[in-house]
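Listed below, chain by chain, are the residues.
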Amino acid sequence: MIRLFRFLLGYVVFIFKDGFAEDFISDCFQNDVDIKELKSAQNGFEGICGIGTYKKLHRIALRHGGMVKIKEKHGLPFILKPLRGRMGFFAGIVVFIIMMSTLSGYVWRVEIVGCDRISQTAVITFLEKNDFEIGTSWNKADTDKLCWQMMSEFEDIAWVHINRFGTTAKIEINETTPQPDTADEDVLQGVTVFRKEIQTVAYREQSDLSIKKIKRYTSIHFFGIDISLNLNREIGDISEEETTYLNINDVDLPIGITTYTEKWLSSKPRILDDDELLSLANKKLEIEKEKSFDGYEIINESIDYRIDDDKCVITGAYIIRKNKSQ
């Protein structure tokens, strides 16, 4: 807030030199002349003060054998000074404020969180079919009714809520907890302890990927419209997108800068030795084991592997049962 007030009122960076600096500073403080951020400079020091305060410094500087000089000018008064007499500029500011106030009553950004099994594309398509999309007025949007419709449409949604953050609609989805897949026909017959095997393959020839080239592109995001600042954009092997929105009072406005990072990769083949090959196979087996036995307890396991010229085949045999805590 202090910086904002300084900008609105205007301030200068001044230099005091060729005098008694300590006496000058002491005199300013005794007379409530507000100077801040003092630091040493050649033959004196420099600091900052308001526009009105600077006018008082000349007389104080002369009393102590020195002089003050403006080094830099900052703030709104100095920006607007060349525009005096140009009413069109100020009229434009008023129109812009009115336009911002009007547009802030619409949805200009849709953010979906909580989707794991449900496709975000399917959710967006559903919202558009029910007249909730970018450009929708918040006053006309019946979000409660829309939430009930979504829960009826998608079986995997346990509950959903639409929150308003300025011009952003945040769709928070909580999915239903899926029942674990039966790993064996015996489970259907009421048997809770059973045996299952998992087999994975790791290949000896792998590729080391490295970043060969990176390019960044920028566009201006304005109320749902992206205005690119680059004429020719190349698409890399990996594309990353990051948007920084204008934030006022912890509310994101639909105005910001979008940065696109394009990365090109180079691949270099590498042949794994037996230890590396077995380690890779074990990692793949562990991943498959966690996915297959979610909600189950492993009572016993037996791991067997075979290393060939070009690959390693690893097999895990498990005795499992349904976890009592499930």
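Per chain, the residues get numbers from 1 upward, laid out in the order the sequence is written. It should be noted that, the model being predicted, local features are given only for residues of pLDDT at least 70 and side-chain atom pairs only at 80 or more, the latter also being counted only at that level, while totals for whole chains, interfaces and linings use all residues. The side-chain figures draw on all heavy atoms in the structure; neither hydrogens nor water molecules are used.

(A) Geometry of the overall build of the protein. When helices and strands are counted, the protein shows 9 helices and 14 strands. Each radius of gyration reported is based on C-alpha atoms, and the globular scaling rule is 2.2 Å times the count of residues to the power 0.38. For the protein, whose C-alpha radius of gyration is 33 Å, the value lies well above the compact-globule estimate of 20 Å for 326 residues. Its C-alpha atoms give the protein principal-axis dimensions of about 100 × 55 × 45 Å. Throughout this description, buried means an accessible area under 20% of the type-specific maximum (1.4 Å probe, protein chains only), exposed means over 50%, and partly exposed covers the range between. Out of the 326 residues belonging to the protein, those deemed buried represent 29%. Counting from the N terminus, the helices are the DSSP runs of H or I reaching at least four residues and the strands are the DSSP runs of E reaching at least two.

(B) Geometry of the confidence of the model for the protein. Per-residue pLDDT for the protein has a mean of 83; in total, 91% of the residues score no lower than 70. Here residues 182–189 is a poorly scored stretch, pLDDT under 50, and it has 10 contacts once near neighbours within four places are set aside; other chains count. Per residue, pLDDT measures the predictor's confidence, with a range of 0 to 100. Here, residues are in contact when the closest pair of their heavy atoms is within 4.5 Å.

(C) View of the sheet that holds strand S8 (residues 193–203). Pairing between strands is defined by DSSP: at least two bridges between them are needed. The 3 strands are arranged S8-S14-S13 in an open sheet whose pairing can be described as antiparallel. Unpaired on one side and paired on the other, S8 and strand S13 (296–307) mark the two borders of the sheet. Geometrically, the sheet is characterised by an average inter-axis angle of 20° between neighbouring strands, direction not taken into account. Across 11 bridges, the pairing between S13 and strand S14 (residues 311–322) is antiparallel. Paired with Arg306 across the two strands is Val313, which belongs to S14. Lying on the sheet, helix H9 (residues 274–292) is in contact with S8, S13 and S14; it crosses S8 at an angle near 140°. Inter-axis angles, ranging from 0 to 180 degrees, are taken between N-to-C directions of lines fitted to C-alpha atoms, where helices are fitted over the stretch in contact.

(D) How the structure looks around a nonpolar patch on the surface. Residues Leu4, Phe5, Phe7, Leu8, Leu9 and Ile79 make up a contiguous nonpolar surface patch of roughly 580 Å² in combined accessible area. Ranked by residue count, the leading element in the nonpolar patch is helix H1 (residues 2–9), at 5 residues. With respect to the secondary-structure elements, Ile79 resides in helix H4 (residues 76–80). Within the patch definition used here, like charges are joined within 9 Å and nonpolar side chains (Val, Leu, Ile, Met, Phe, Trp, Tyr) within 5 Å, considering only residues with over 30% relative accessible area and no salt bridge. Each accessible area value is a Shrake-Rupley result obtained with a 1.4 Å probe; residue values ignore everything except the protein chains displayed when judging cover. Each reported salt bridge corresponds to a side-chain nitrogen of Lys or Arg within 4 Å of a carboxyl oxygen of Asp or Glu.

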